[in-house]
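Close look at the chain arrangement
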Amino acid sequence: MAFAIFRGFFPLAIDEKNRLLIPANIRRAINAEVDGESFIVKRGGNTRPWLYCKKYDDSLAQNLANEIAPGSETQDFEQLFYAMTDEVAWDKQGRMVVPQAVIDWAKLDKD
């Protein structure tokens, strides 16, 4: 399955309602049937939010689940990594609401 691949730098801003406009070329690259209709926002190891298309994130989770006998480190990682996620959909204007907990955790300002 070929998921959307995003390349490039996109200056982003969060508006007063915590909405982030997803750039048009990113929205055009997303195929809802292949990629899903929402994003998973994870709290990344670099104190930045990481965004994954829903179905891509599901495939990552499935790959981890397919390990025959995951060790305690893998289990600890999964519990922490998936506990700190939020699923967010975008609206018809291509905006998604960034959860306040993510904004606070990453110390994001509106720019």
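The sections below set out a description of the structure shown in this document. (Residues numbered from 1 in each chain as written. Predicted model: local features only at pLDDT ≥ 70, side-chain atom pairs only at ≥ 80, totals over all residues. Heavy atoms only, no water.)

**A word on the packing of aromatic side chains**
Following the criterion strictly, the structure yields three aromatic pairs and no others. Seen in terms of ring centroids, Phe39 and Trp90 are 5.0 Å apart; in terms of plane orientation they differ by 50 degrees. Their pairing is tilted. Of the two residues, Phe39 sits in strand 2 (residues 38–43) while Trp90 sits in the loop between strand 4 (85–89) and strand 5 (95–97), which places them 51 residues apart along the sequence. Classification of Phe39 by relative accessible area gives buried; the value is 4%. Site record: aromatic cluster; members linked through ring pairs are Phe3, Tyr52 and Tyr56. One Lys or Arg, Lys42, reaches over the ring of Tyr52 and ends 5.2 Å from the middle of that ring. (Phe/Tyr/Trp six-rings, centres within 6.5 Å; stacked < 30°, edge-to-face > 60°. Helix = DSSP H or I, 4+ residues; strand = E, 2+ residues; numbered from the N terminus. Buried < 20%, exposed > 50% of the residue type's maximum accessible area, 1.4 Å probe, protein only. Lys NZ or Arg CZ within 6 Å of the ring centre and 35° of its normal.)

**Looking at the sheet that holds strand 3 (residues 49–53)**
Ordered by their spatial adjacency, three strands build an open sheet running 3-2-4, and the pairing between neighbours is antiparallel. The sheet terminates laterally at strand 3 and strand 4, the two strands that pair on one side only. The sheet shows a mean angle of 30 degrees between the axes of neighbouring strands, direction not considered. Alignment of strand 2 against strand 3, held across five bridges, turns out to be antiparallel. Following the sheet pairing, Lys42 is matched in strand 3 by Trp50. (Pairing = 2+ DSSP bridges. Axes fitted to C-alpha atoms, helices over the stretch in contact; angles between N-to-C directions.)

**Considering the pairing of strand 2**
Of all the six residues making up strand 2, six are buried; the element is thus mostly covered by neighbouring parts of the structure. On strand 2, burial covers both faces: Ser38, Ile40 and Lys42 on one face and Phe39, Val41 and Arg43 on the other are all buried. Bridge analysis of strand 2 against strand 4 gives five bridges, and the strand direction is antiparallel. Paired with Val41 across the bridge in strand 4 is Asp86. Joining the antiparallel neighbours strand 2 and strand 3 is a turn of five residues, in which Thr47 adopts a positive phi near 55 degrees.

**Here we look at the nonpolar core**
Ranked by size, the top nonpolar core spans 13 residues in total, and within it Phe39, Met96 and Val98 carry the most contacts. Sequence-distant contacts of Val98, defined by excluding residues within four places in its chain, comprise Ile14, Asn18, Leu20 and Ile103. (Core = buried A, V, L, I, M, F, W, Y, C linked by side-chain atoms within 4.5 Å. Contact = heavy atoms within 4.5 Å.)

**Re unusual backbone geometry**
In the Ramachandran plot, Thr47 falls in the positive-phi region, its phi being about 55 degrees despite a non-glycine side chain. In this structure, Lys107 is a non-glycine residue whose phi angle is positive, near 55 degrees. As for its position among the elements, Lys107 is in the segment after helix 5 (100–106). Under the relative-accessibility criterion, Lys107 is labelled exposed at 71%.

**So, the pattern of salt bridges**
As enumerated under the stated definition, the model contains five salt bridges in all. Across the pair Arg19 and Asp15 runs a salt bridge, and its minimum N-O distance is 2.7 Å. The closest approach of N and O atoms between Asp91 and Arg95, which form a salt bridge, is 2.8 Å. Residue classification places Asp91 among the partly exposed residues on the basis of a relative accessible area of 27%. We classify Arg95 as partly exposed; its relative accessible area is 24%. (Salt bridge = Lys/Arg side-chain N within 4 Å of Asp/Glu carboxyl O.)

So far we have only geometry, and geometry alone does not tell us how the molecule works.
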